[in-house]
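# Breakdown of the fold
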Amino acid sequence: MQKLVVTMLLVFMSASLFSQTLDDVKKYAVLQKWEDAKSNVDKFLAVEKNAKNAEAWYYKGYIYSELAKLPNYATTDARMQSFDAYKKYQELDPKNALMKDNENVEFFGLYNAYFDDAVAKYNAKNYKDAFNDFKDALQVEEYVKSKNYSYKGYSFPGLDTQLIQNTALAAYLNKDSANAAAYYQKLADAKVKGDNFFDIYQFLIEYYNAKNDASDRDKYFAIGQELYPTNTYWEDYEWKLAGDDPQKKEQVLAKYPKSFELYYNYAAELFNGLYTADKKPADYDAKQAKLEEITQKAIDIDKTRPEANLLMARHLYNKVYDLEDAYGAIKGNKPDDVKKKNDLVAQMNAAYDGMLKYANAVYDIYDGKATLKPGEKGSFKVATNLILGYWEYKKD
């Protein structure tokens, strides 16, 4: 008896499923009873023979797009199910009878819904969900473009730089570097250019360098440098990659022979290594000579900038101290000692004279300015004190 009841129940359920009609689905859709419409369309399409009914898939797309607007469906994939259903409808109905007269407005509506939600979530700093909605908006857009659809004369751009950039930025702010890189690459591979796009090349270069992917790093470095040839980022980054390798540094300098910043920064690096470290480097004299060579090149590149002149003046003043220490270390009065002292005095005079030349150049540049920034005032003061020190040494 138990078995018979079960059999009858199964027969009853099957009959119920097969009695489901598309008219029921349409009825609830017209009444805007979306939950009932959903239940009916799901049951209808669950029947194997109905799964090839193009109109049913259209109605599923329509119903699910409306469900996606309801608060209790906000976190579901109802909108994406709507998108998939519409695509399935078009697959089953090549003539697109239910959508062509309305210019496929359903897809444009899905795009707008995704985009508006993404913007709202982005502004609320919900970057994870904003990324997902931007991504899905882009997916709908790409499908529409693949079909060459337009609505009221509007077509999506061939490359929607704003949407792609928004998608990448939402991922970046969500600390999702992999997805940020994936979407930034779409723009970089298309070689987009403009004030708002430089950062994408910088991001990709540093992203792939961190992943030890020299091939992709160099690829986007080359594209970025091609598009923004005057930006100093390229030389700065190559300098960073050179690390502490003197040979690589020389190669970078040779590649950018007119870069004041590179030569000055290298000179500042040498200066700090010589005069701010706890102990002198083993190749102290050689590095002093290198410092003078590099600093002079920076000055020759741009004589209107005071920084390199001040660095050279400070270096020569430190050199005077070294010579004074060497002079004080000679305690004897033998002819050889006297000669050494005289040689050191001559070197001190030369160092002082050189220091005055560079300090005066700094003084003249700052003295010619109507106003000075706080940092410039400090440098002007340093130059002035060096000049005063020179005349005190000369007892004048």
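## Some points on the overall build of the protein
A count of helices and strands for the protein gives 18 helices and 0 strands. Relative to the compact-globule value of 21 Å for 396 residues, the protein shows a C-alpha radius of gyration of 37 Å, a clear excess of over 25%. Across its three principal axes, the protein shows a C-alpha extent of roughly 130 × 55 × 35 Å. Within the protein, buried positions represent 39% of all 396 residues. Taking the contacts inside the protein whose residues are at least 6 apart along the sequence as the reference set, 57% of them involve residues at least 24 apart. Considering the protein, the positive charge centre built from 55 side chains and the negative charge centre built from 60 side chains are found 2 Å apart.

## What to know about helix α18 (residues 374-393)
With 20 residues, α18 extends 29 Å between its outermost C-alpha atoms, agreeing within 8% with the 28 Å of an ideal straight helix rising 1.5 Å per residue. Within α18, burial applies to E376, S379, F380, A383, L386, I387, G389 and Y390.

## Points about the side chain of Q165
Inspection of the secondary structure assignment puts Q165 in helix α8 (residues 161-173). Residues in contact with Q165, not counting those within four places in the same chain, are Y184, L187, N196, F197 and I200.

## A short note on the pattern of salt bridges
With the rule as written, the count across this model stands at 28 salt bridges. Residue K26 is joined to E55 by a salt bridge in which the shortest nitrogen-to-oxygen separation is 2.7 Å. Taken as a pair, K26 in helix α2 (residues 22-30) and E55 in helix α4 (residues 54-67) lie far apart in primary sequence, 29 residues in all. Judged by its relative accessible area of 24%, K26 is partly exposed. Taking the shortest distance from any N to any O, the salt bridge between K69 and E66 comes out at 3.1 Å. Classification of K69 as exposed rests on a relative accessible area of 58%. On the accessibility criterion, E66 (18% relative accessible area) is buried. Here the salt bridges do not stand alone but share partners, grouping E250, K290, E293 and K297 into one network.

## Focus: the packing of helix α9 (residues 177-189) against helix α10 (residues 198-210)
Packing of α9 against α10 leaves a shortest axis separation of 10 Å and a crossing angle of 130 degrees. When the interaxial angle is binned, α9 and α10 end up oblique. The handedness of the crossing between α9 and α10 is left-handed. Packed against α9, whose contacting residues are S177, A178, A180, A181, Y184, Q185, L187 and A188, the element α10 presents I200, Y201, F203, L204, Y207 and Y208 at the interface.

## Quick look at helix α12 (residues 233-242)
Where burial is concerned, most of α12 is hidden: 7 out of the 10 residues are buried. Of all the positions in α12, only Y233, W234, E235, Y237, E238, W239 and A242 are classed as buried. Of the surrounding secondary structure, the elements contacted by the buried residues of α12 are α10, α11 (214-227), α13 (246-255) and α14 (260-275).

## Concerning the environment of E238
Along the chain, the position of E238 falls in helix α12. A residue is classified by how much of its surface remains accessible, and E238, at 18% relative accessible area, is buried. In this view, E238 contacts F221, Q225, V252, K255 and Y256; residues no more than four positions away in its chain are not counted.

## Topic: the packing of aromatic side chains
Scanning the entire structure with this criterion turns up 41 aromatic pairs. Pairing Y172 with F203 gives two aromatic rings, centres 5.7 Å apart and planes at 90 degrees, and the pair type is edge-to-face. Residue Y172 is located in helix α8, and its partner F203 is located in helix α10; the two are separated by 31 residues in the primary sequence. Of the residues examined, F203 reaches a relative accessible area of 14% and is grouped as buried. Relative to Y275, the ring of F271 has its centre 4.9 Å away and its plane inclined at 65 degrees; by these criteria the two rings are edge-to-face. Placement of the pair is F271 and Y275 together in helix α14, with a separation of 4 residues, close to one helical turn. Given a relative accessible area of 18%, Y275 falls into the buried group.

Cut-offs used in this document
- Residues numbered from 1 in each chain as written.
- Predicted model: local features only at pLDDT ≥ 70, side-chain atom pairs only at ≥ 80, totals over all residues.
- Heavy atoms only, no water.
- Helix = DSSP H or I, 4+ residues; strand = E, 2+ residues; numbered from the N terminus.
- Rg over C-alpha atoms; globule rule 2.2 N^0.38 Å.
- Buried < 20%, exposed > 50% of the residue type's maximum accessible area, 1.4 Å probe, protein only.
- Contact = heavy atoms within 4.5 Å.
- Lys, Arg positive; Asp, Glu negative; His and termini not counted.
- Charge placed at Lys NZ, Arg CZ, Asp CG, Glu CD.
- Expected span 1.5 Å × (residues − 1).
- Salt bridge = Lys/Arg side-chain N within 4 Å of Asp/Glu carboxyl O.
- Axes fitted to C-alpha atoms, helices over the stretch in contact; angles between N-to-C directions.
- Parallel < 35°, antiparallel > 145°, perpendicular 65-115°, else oblique.
- Left-handed = near helix turned anticlockwise from the far one by under 90°.
- Phe/Tyr/Trp six-rings, centres within 6.5 Å; stacked < 30°, edge-to-face > 60°.

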